[in-house]
Structures are given as structure tokens and as C-alpha cells.
Amino acid sequence: MDGVLMTHRWADGRQEKHVFDDAVGMAQPAADGGLVIGVGTRILRFDPATGKHQQLLDLEPDEPEHRCNDAIVDKHGRLWVGTTHREHLHEAGALYKVEAGGKVTRMLDKLTITNGMAFSLDDGLLFHIDSPLRCVHAYHFHGNEGLIDEKRTVIRIPDTLGGPDGMCRDAEGKLWIAHWGGHGVHRWDPGSGEWMGKLPVPAPHVTSCAFVGPALDHMVITTARKEMSKDALREFPQSGDVFICRMPVKGTAPNLCSF
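What this report covers is the structure whose coordinates are included nearby.

1. Details of the overall build of the protein chain
And then number 1: Scanning the protein chain from terminus to terminus reveals one helix and 21 strands.
And then number 2: Here the protein chain has a C-alpha radius of gyration of 17 Å; the compact-globule value for 259 residues is 18 Å, and the two agree.
And then number 3: Along the first, second and third principal axes, the C-alpha set of the protein chain runs to 45 × 40 × 40 Å.
And then number 4: In the protein chain, buried positions account for 50% of the 259 residues.
And then number 5: Once local pairs closer than 6 in sequence are excluded, the contacts in the protein chain between residues at least 24 apart make up 41%.
And then number 6: Here the protein chain displays about 12500 Å² of accessible surface, and carbon together with sulfur accounts for 49% of that area.

2. Some remarks on the sheet that holds strand β16 (residues 175-180)
And then number 1: Ordered in space as β15-β16-β17-β18, the four strands form an open sheet in which the pairing is antiparallel. Of all strands in the sheet, those bounded by a partner on one side alone are β15 (163-169) and β18 (195-200). Ignoring which end each strand starts from, the neighbouring axes of this sheet average 30 degrees apart.
And then number 2: One ladder, built from five bridges, connects strand β17 (residues 184-188) with β18; its direction is antiparallel. The residue bridging Trp188 from the neighbouring strand is Trp195, located in β18.

3. Concerning the nonpolar core
And then number 1: Within the largest apolar cluster, 16 residues are counted, with the highest numbers of intra-cluster contacts made by Val36, Ile43, Leu59, Leu79 and Val81.
And then number 2: At the level of elements, β7 (66-73), β8 (79-85) and β9 (93-98) are the ones that each hand at least two residues to this core.
And then number 3: Other than its neighbours up to four places away in sequence, Leu59 contacts Thr41, Ile43, Cys68, Val81, Thr83, Tyr96, Val98 and Val104.
And then number 4: Counting residues in hydrophobic clusters, the runner-up holds 15 residues, among them Cys168, Leu216, Met219 and Phe243.

4. Side note on the side chain of His128
And then number 1: Along the chain, the position of His128 falls in strand β12 (residues 125-130).
And then number 2: Given a relative accessible area of 1%, His128 falls into the buried group.
And then number 3: Separated by 2.6 Å, the side chains of His128 and Thr114 make a polar contact.
And then number 4: Here His128 is in contact with Leu95, Leu108, Leu111, Thr114, Asn115, Gly116, Met117, Cys135, Val136, His137, Tyr139 and Met167, once residues within four sequence places are set aside.

5. Details of unusual backbone geometry
And then number 1: Phi is positive for His88, which is not a glycine, with a value near 55 degrees.
And then number 2: By the element assignment, His88 lies in the loop between β8 and β9.
And then number 3: Look at His88 and you get partly exposed, because its relative accessible area is 23%.
And then number 4: Even without being a glycine, Glu150 presents a positive backbone phi close to 55 degrees.
And then number 5: Along the chain, the position of Glu150 falls in strand β14 (residues 147-156).
And then number 6: For Glu150, a relative accessible area of 57% puts it in the exposed group.

What counts, and at which threshold
- Residues numbered from 1 in each chain as written.
- Predicted model: local features only at pLDDT ≥ 70, side-chain atom pairs only at ≥ 80, totals over all residues.
- Heavy atoms only, no water.
- Helix = DSSP H or I, 4+ residues; strand = E, 2+ residues; numbered from the N terminus.
- Rg over C-alpha atoms; globule rule 2.2 N^0.38 Å.
- Buried < 20%, exposed > 50% of the residue type's maximum accessible area, 1.4 Å probe, protein only.
- Contact = heavy atoms within 4.5 Å.
- Areas by Shrake-Rupley, 256 points an atom, 1.4 Å probe, with all protein chains shown as cover.
- Pairing = 2+ DSSP bridges.
- Axes fitted to C-alpha atoms, helices over the stretch in contact; angles between N-to-C directions.
- Core = buried A, V, L, I, M, F, W, Y, C linked by side-chain atoms within 4.5 Å.
- Polar contact = N/O pair within 3.5 Å; in protein donor to acceptor, adjacent residues only side chain to side chain.

Written as C-alpha cells, this is what we have:
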């Protein structure tokens, strides 16, 4: 992964490129209008307007072969962020909770590729993906205490649809999952576990998705070129591109990081 963060201004389409010294694994909006980002295993506060950043903490300072991989903010402003080994060694990663003041708590361990996360509409559940397991787990979320328990499997991804990667939730409570090797973003019902359809993408390896725009009626979709042969890249030349499309359903506003 390159250490690059791209910004896109909705009003006029202006784009800017920000370069960091290590892989950028996640970015979440902060209450002060900036971003909280993961660079390697470090958590930084970043201001896109000025390009300035400040390191807040390092999740795993003794693990140089690890990096952040995906995150979400809960309704109380806490950051939930996962780590993975750069070569995705089995069960080397973890999921952390970071609170205002820099308090860090390891919430889950023995994760391989911690990926998409989303909260249910009532904030009673945290959905989480560990990609090699090919499923979505749900945890009972205790918002006031910032605790999770009662793990269960709510969605199982068949081999024919690729593997689950990044994820977001729409305003109807359904989950949109980027499928690596699945040529699209797939919609799933976490209540029944049923597949509800697919938003096709002209690239096989779809990596993440999020609702964007003033009305939250568009989706930004990221893809990858990794592990693709020359023949595959000729067939899918847009692999690695970022796409934006209008959606038939809306998303909901993200929670803002409190630090």
C-alpha cells in the first residue's frame, strides 16, 4: 500500500493528494472538522485544509510489520480500529478501541484481516468482518460502556461471490459489502442473512464503500489492482480506480471522532 490519502471536494470536484511515510489504512471524520487517520500502526490527527498532522498514539509500536486496516467511530466518539500483518499472517491482528485522552483497549484479538465495520440502526449491534472467515459477525454493543459481547454469525459469504472486505450500512439498516473477487458491492440483510443484490463494478477486487454527498445518496467505491495478472488488467483496466455512483437508497451521517 502506498502512503497516499486522496481528498475530493464535493462542491467542485477538486482533488488533492496527501503523501505519508507509511500505508494509510483508514480515515475517519473528527468533530473538529479534520480527520483521524491510521498510518502504519500510528493514529494521527490530520487537517486536509493545511496538510498538517499530529501523531496521537501508536497502537502497536513493537510490531513494524503490522498496519491499521479499517475503522469506525461509535456514537460516543470512540474510534474502533483494526490492525493486520502486512502479509496477513494468520490471527496476527487485533481490534482496538481508542477513547478521548488516548486510552487504548484491545477488544478482539486473533484477527487476520480485520475489515468492514458498521453499527445497526439502533446502535445495539456492531457488525465486523475478518475477511478470511467469509462472514459477518455481530456483537451486542453496550454504548455507554463501550463494550461488545455475545458474538454470533449473521451473514455467510459463499465462495462464488468473492470475499468480504469493506462495509457500510444504509438508512434501511441493510449492509453494503465490498466483495474482493466479487466484481461489485453486494447488499445483505443482517437480520435474515439473505443476499439482496449487487451493484456491479468494472473491477474484480472491490475493497471498500461509503455513502457520501450532501444528501448521502451517492456511494464512493474503492478497488485494487493487487494480485492481478497482466491479462486480467487488460480485461479490467479500471482496476485500482475509485468510483462514485448515485444510489437507490440513502446512507446515514457518520459519527464524529471526539479527539
